[in-house]
Amino acid sequence: LGELLLKTGRVEEARGMLEKAIARRPDQPEVRMILSQAYARTGRVGEATRQMSEATRLDPSSPSAHAQLAMLFMMQGQPARAIPEVEQALKIDPTLYELRLHLAVIYHDEKRLPECESHLRKAVELRPSDPEPHRLLAGLYEEMGRKEEAEREMARVREITGGR
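Bear in mind the structure is a predicted one, so any value in this text is a computation, not a measurement.

Just to check I follow, could you spell out the side chain of Thr 161 for this structure?
Mapped onto the fold, Thr 161 is located in helix 10 (residues 147–161). Of the polar contacts made by the side chain of Thr 161, one reaches the backbone oxygen of Val 157; its length is 2.9 Å. The contacts of Thr 161, once residues within four sequence positions are left out, are Pro 131 and Arg 135.

Would you take a moment to explain the nonpolar core for this structure?
A general feature of soluble globular proteins is that nonpolar side chains tend to end up buried together. Formed by 44 residues in total, the largest nonpolar core has its most connected members in Met 52 and Leu 120. Sorting elements by how many residues they give to this core places helix 7 (residues 97–109) first, with seven residues. Contacts of Met 52, omitting those with residues within four sequence positions, involve Met 33, Ser 36, Ala 65, Gln 68, Leu 69 and Leu 72.

I keep staring at unusual backbone geometry and nothing clicks. Help me out?
Peptide bonds are mostly trans, and most non-glycine residues show a negative phi. Backbone geometry at Lys 111 places phi at a positive 65 degrees, although glycine is not the residue there. A residue is classified by how much of its surface remains accessible, and Lys 111, at 62% relative accessible area, is exposed.

Would you explain helix 4 (residues 45–58) in this entry?
In an α-helix, one turn spans 3.6 residues, which is why side chains three or four residues apart end up on the same side. Here helix 4 is 14 residues long and its end C-alpha atoms lie 20 Å apart, about the 20 Å a rise of 1.5 Å per residue gives. Tucked into the core, helix 4 has its buried residues touching helix 3 (29–41), helix 5 (63–75) and helix 6 (79–92).

How do you make sense of helix 3 when you look at a structure like this?
Taking 1.5 Å of rise per residue, 13 residues should cover 18 Å, and helix 3 covers 19 Å from first to last C-alpha, within 8% of that figure. All buried positions along helix 3 are accounted for by Pro 29, Val 31, Arg 32, Met 33, Ile 34, Leu 35, Ser 36, Ala 38 and Tyr 39. Buried-residue contacts for helix 3 involve helix 1 (2–7), helix 2 (11–24), helix 4 and helix 5. Directly after helix 3, the chain includes Gly 43, whose backbone phi takes a positive value near 80 degrees.

Whenever I open this one, the environment of Arg 57 confuses me. Can you help?
Topologically, Arg 57 is positioned in helix 4. Residue classification places Arg 57 among the exposed positions, given a relative accessible area of 55%. For the pair Arg 57 and Arg 152, spaced 95 residues apart in sequence, the C-alpha separation works out to 44 Å. For Arg 57, the side chain forms a polar contact with the side chain of Glu 54, separated by 2.5 Å.

Please clarify how the packing of helix 9 (residues 131–143) against helix 10 should be interpreted in this entry.
The angle between the axes and the distance between the axes are what describe a pair of packed helices. Two elements in contact, helix 9 and helix 10, have axes whose closest approach is 8 Å; the angle formed by their N-to-C orientations is 160 degrees. When the axes of helix 9 and helix 10 are compared, the pair comes out roughly antiparallel. With respect to the hand of their crossing, helix 9 and helix 10 are arranged in left-handed fashion. Contact residues: helix 9 offers Pro 131, His 134, Arg 135, Leu 137, Ala 138, Tyr 141 and Glu 142, while helix 10 offers Lys 147, Glu 149, Ala 150, Arg 152, Glu 153, Met 154, Arg 156, Val 157, Ile 160 and Thr 161. The class makeup of the residues in the contact of helix 9 with helix 10 is eight nonpolar, two polar and seven charged.

What counts as what
- Residues numbered from 1 in each chain as written.
- Predicted model: local features only at pLDDT ≥ 70, side-chain atom pairs only at ≥ 80, totals over all residues.
- Heavy atoms only, no water.
- Helix = DSSP H or I, 4+ residues; strand = E, 2+ residues; numbered from the N terminus.
- Polar contact = N/O pair within 3.5 Å; in protein donor to acceptor, adjacent residues only side chain to side chain.
- Contact = heavy atoms within 4.5 Å.
- Core = buried A, V, L, I, M, F, W, Y, C linked by side-chain atoms within 4.5 Å.
- Buried < 20%, exposed > 50% of the residue type's maximum accessible area, 1.4 Å probe, protein only.
- Expected span 1.5 Å × (residues − 1).
- Axes fitted to C-alpha atoms, helices over the stretch in contact; angles between N-to-C directions.
- Parallel < 35°, antiparallel > 145°, perpendicular 65-115°, else oblique.
- Left-handed = near helix turned anticlockwise from the far one by under 90°.
- Nonpolar A, V, L, I, M, F, W, Y, C, P; charged D, E, K, R; others polar.

Following this line, the structure appears as structure tokens:
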């Protein structure tokens, strides 16, 4: 019910209900994840982070909890704390394509270009016909002075998109 309330915009009502549920049974990672979302929607990012951290402790096998915790760290300008959470989510489920792209962007922003390239290449393996990782690789190679590889990736983008 708390999740439904949250989805319908009744955030404060959802938060109250979820807080009561946690008070009764604090060992519910799914409830903590939803409560974290309620806190985040009301700007209480620190409390959202605490709840999501506890959810990952209670259920370390949840890629969703790790990914959401990483996003909360990014919202707080803490990429160094976000990276291990994204890496853990990808270790649990290596097929999370969008998350892999997001990690590549974080690595790029942190000037960790070899890691960025590695994750973009893995994204290409996951979805070879998606132009986005090829486009990002082309830009990365251009930035790294690897013109031939940049041109090859842009040619692949044009091939996939029909020149668009």
